[in-house]
Amino acid sequence: MASFSYNTAAELFPAAIRKKKRAGFAYRRFGTAAEAVRFAIEELPADSLNGAYLQVEEARFDQSGIRSLYENEAFPLPRRPRAPEPAGDNTDADAA
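Below or above, wherever it landed, is the structure these notes cover. (Residues numbered from 1 in each chain as written. Predicted model: local features only at pLDDT ≥ 70, side-chain atom pairs only at ≥ 80, totals over all residues. Heavy atoms only, no water.)

1. Brief notes about helix α1 (residues 33-42)
Every α-helix carries 3.6 residues per turn, so stepping three or four residues along brings you back to the same face. Among the 10 residues that make up α1, 8 are buried, leaving the element largely enclosed by the rest of the structure. All of the buried residues in α1 are Ala33, Ala34, Ala36, Val37, Phe39, Ala40, Ile41 and Glu42. Next to the buried residues of α1 lie β1 (10-13), β2 (28-30), α2 (46-49), β3 (53-56) and α3 (63-71). (Buried < 20%, exposed > 50% of the residue type's maximum accessible area, 1.4 Å probe, protein only. Helix = DSSP H or I, 4+ residues; strand = E, 2+ residues; numbered from the N terminus. Contact = heavy atoms within 4.5 Å.)

2. Topic: the sheet that holds β2
The strands making up a sheet associate through hydrogen bonds between their backbones, and the pairing can be parallel or antiparallel. As summarised here, the arrangement of the 4 strands in space is β2-β1-β3-β4, forming an open sheet in which the pairing is antiparallel. Lying at the two open borders of the sheet, with one neighbouring strand each, are β2 and β4 (59-61). Sheet twist, expressed as the average angle between the axes of neighbouring strands with direction ignored, equals 20 degrees. Where β1 lies against β2, 3 bridges are found, and the strand directions are antiparallel. Counterpart to Ala10 in the pairing with β2 is Phe30. Running at roughly 25 degrees to β1, α1 makes contact with β1, β2 and β3 of the sheet. In this fold α3 packs onto β1, β3 and β4, with an angle of close to 95 degrees to the strand it touches most, β4. (Pairing = 2+ DSSP bridges. Axes fitted to C-alpha atoms, helices over the stretch in contact; angles between N-to-C directions.)

3. So, the nonpolar core
The biggest cluster of nonpolar side chains holds 23 residues, and the ones touching the most others in it are Leu12, Leu54 and Ile66. Mapped by element, the contributors of at least two residues to this core are β1, α1, β3 and α3. Element by element, the count of residues in this core is highest for α1, at 7 residues. Look past the residues within four positions of Ile66 in its chain and what remains in contact with it is Leu12, Val37, Ala40, Ile41, Leu49, Tyr53, Leu54 and Phe61. (Core = buried A, V, L, I, M, F, W, Y, C linked by side-chain atoms within 4.5 Å.)

Listed below in structure tokens is the structure:
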């Protein structure tokens, strides 16, 4: 992935969702791959991302590839802060 450029134009193609009359999103073209990756991870519902793919020049990236691009330290855009994970146990409550 060393030669990947986040500044290259990219296309994001929706997954085919048979249960719905239309997909959760339509085809979109982005000025940069970084914008497309950020949109896919931060804006798309999970069912739309599953099966969608990103095309950057001749390379295609599926859901896991898109996520890898987003999590890569070279990703140039600010990431949305992660939502706090729900606590499995309540450590503030005292046992009665």
